[in-house]
Amino acid sequence: MTLQGKVALVTGGGRGVGAATAKLLAARGARVGVNYLSNEHAAKAVVAEIIAASGQAQAIQADVRDARQVAQLVAEVVEAYGRIDILVSNAAMHSVLVPFEQITWEEFSQRVNDELCAAFNVTKAVLPMMERQQCGRLIYIASEHARGPALPGSIGHGTAKAALVTFAKYLAYELGPRGITANVVSPAMVETERNAAFLPESVKQRVAASTPLGRVARPEDVARVIAFFADDDSGFMTGTYAPVTGGLGLSRRGIIPSMEGRSHREGITEADMKAER
Ligand SMILES: NC(=O)c1ccc[n+]([C@@H]2O[C@H](COP(=O)([O-])OP(=O)(O)OC[C@H]3O[C@@H](n4cnc5c(N)ncnc54)[C@H](OP(=O)(O)O)[C@@H]3O)[C@@H](O)[C@H]2O)c1
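The following paragraphs examine the structure supplied in this document. Within each chain, residues carry numbers counting from 1 in the order of the written sequence. Only residues with pLDDT of 70 or above have their local features reported here, since the model is predicted, and side-chain atom pairs are shown and tallied only from 80 upward, although totals for entire chains, interfaces and linings are computed over all residues. The side-chain figures draw on all heavy atoms in the structure; neither hydrogens nor water molecules are used.

Put simply, DSSP marks the helices as runs of H or I at least four residues long and the strands as runs of E at least two long, and each gets a number from the N terminus on. The helix and strand inventory of the protein stands at nine helices and seven strands. We compute the radius of gyration over the C-alpha atoms and compare it with the globule rule, which gives 2.2 Å times the number of residues raised to the power 0.38. A globule of 277 residues ought to have a C-alpha radius of gyration of about 19 Å, and the protein, at 20 Å, matches this closely. Counting only C-alpha atoms, the protein reaches 70 × 40 × 40 Å along its principal axes. In the protein, of all internal contacts separated by at least 6 residues, the share reaching a separation of at least 24 is 71%. Across the protein, 29 positive and 28 negative side-chain charges occur, with their mean positions spaced 3 Å apart. Whether two residues are in contact is decided by their heavy atoms, any of which lying within 4.5 Å being enough. For this count, His and the chain ends are skipped, Lys and Arg are scored as positive, and Asp and Glu as negative. Where a charge sits is defined by one atom per residue type, namely NZ (Lys), CZ (Arg), CG (Asp) or CD (Glu).

This brings us to the sheet that holds strand 6 (residues 180-187). Pairing is parallel across the open sheet formed by seven strands, whose spatial order is 3-2-1-4-5-6-7. Single-partner strands in this sheet number two, and they are strand 3 (56-61) and strand 7 (241-244). Strand-to-strand, the axes of this sheet are offset by a mean angle of 20°, without reference to chain direction. Pairing of strand 5 (residues 136-141) with strand 6 involves six bridges; the strand directions are parallel. Bridge pairing in strand 6 places I139 opposite N183. To obtain an axis, a line is fitted to C-alpha atoms, over the contacting stretch when the element is a helix, and the angle between two such axes runs from 0 to 180 degrees between their N-to-C directions. Taken strand by strand, helix 4 (residues 105-133) contacts strand 1 (7-10), strand 4 (86-89), strand 5 and strand 6, and its axis lies near 170° from that of strand 5. Pairs of strands are assigned from DSSP output, requiring at least two bridges between the strands.

Here we take up the nonpolar core. What makes a nonpolar core is a set of buried Ala, Val, Leu, Ile, Met, Phe, Trp, Tyr and Cys residues whose side-chain atoms join them at distances within 4.5 Å. Buried means the residue's accessible area, taken with a 1.4 Å probe over protein chains only, is under 20% of the maximum for its type, while exposed means over 50%, and partly exposed covers the values in between. Core analysis: the largest hydrophobic core is formed by 34 residues, its most contacted members being L25, V32 and I139. Mapped onto this core, the elements with two or more residues apiece are strand 1, helix 1 (16-27), strand 2 (31-36), helix 2 (40-52), strand 4, strand 5, helix 8 (219-230) and strand 7. If one sorts the elements of this core by residue count, helix 1 sits on top with seven residues. The next biggest cluster of nonpolar side chains, apart from the first, holds 33 residues, and it includes L127, L138, Y140 and A142.

Attention now goes to the site of the ligand. The near set for a molecule or strand comprises every residue that places at least one heavy atom within 4 Å of it. Around the ligand, 30 residues are found, and the nearest of them are R15, S38, N39, R194 and N195. Here a nitrogen atom of the ligand and a backbone polar atom of A62 are 3.5 Å apart. Polar contacts here mean pairs of N or O atoms no more than 3.5 Å apart (in protein, one a potential hydrogen donor and the other a potential acceptor; neighbouring residues in sequence count only if both atoms are side-chain atoms). In this structure, N195 approaches the ligand through a side-chain N or O atom, which is 2.7 Å from an oxygen atom. Burial of the ligand by the protein amounts to 94% of the accessible area it has alone, namely 900 Å². Elements with a contribution of two residues or more to the shell around the ligand: helix 1, strand 2, helix 5 (155-175) and helix 6 (193-198). Surface exposure here means Shrake-Rupley accessible area, sampled with a 1.4 Å probe, where a residue is shielded only by the protein chains that are shown.

Written out as structure tokens, the structure reads:
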């Protein structure tokens, strides 16, 4: 129970990575504010599961893109539990893929704006409490799209997440002297209900096949890394970027596809290079 006495706010805690995180933080002793946008049923199911396991949690509706609603959200957590030690800025907003040639400036800037506005609002709202406490854990959920293209059409999402990563580094720099850490947890594909509904199974299989650990992440894989950054064990880490990828992206597969599966002792042949040209 390493988080005993701590209070966490998880945005988008009703489903996917956020739900797994809320449950894990609660299982480790934290009291948890489970934020959601519209799916009250899912958020209440998470809370019920936590309470059934003798934890403490509360579902709170708020659109994290709206500063007034976020102020109310944080006030409700503080009213219920007296403090906020851990912020997990996780809410997932846009899922539609649109390539550069088709995306309008309005759609593109909306994606970047929503991602940053959400992180900005919740950080601003929890900061006074964390400053008073002289400690706090800010954890932002990015995506491996932040490091570069992975799926066609993710230019808006990837750019937004890359900005989020830089935002978190500046927070780490500015808030470190006040005992507040800021870290980024960055999953590759996660097996969530939303992905199951939105991506063909063949995409998941292809990602799993390219992943050294042989599968895509489960929400619980990501939640455990988030819990590490919530815990005192990571207290001297700030400004970091933690990929939760099962090793996806380590190998430069595809650079010489004709060599895949062959021993390197056989060397690179002229035929391989011709196959590339
Ligand atoms: N799934 C992946 O493959 C993947 C990969 C890399 C990174 N990520 C990142 O991981 C995080 C979680 O993603 P996920 O796939 O677990 O999400 P998800 O299953 O789609 O759930 C999204 C959650 O965010 C909430 N939400 C959406 N818009 C919101 C808003 N404006 N204000 C408050 N809450 C809002 C939803 O509330 P309702 O339930 O009420 O709608 C829901 O609880 C996101 O930051 C995402 O970008 C996901």
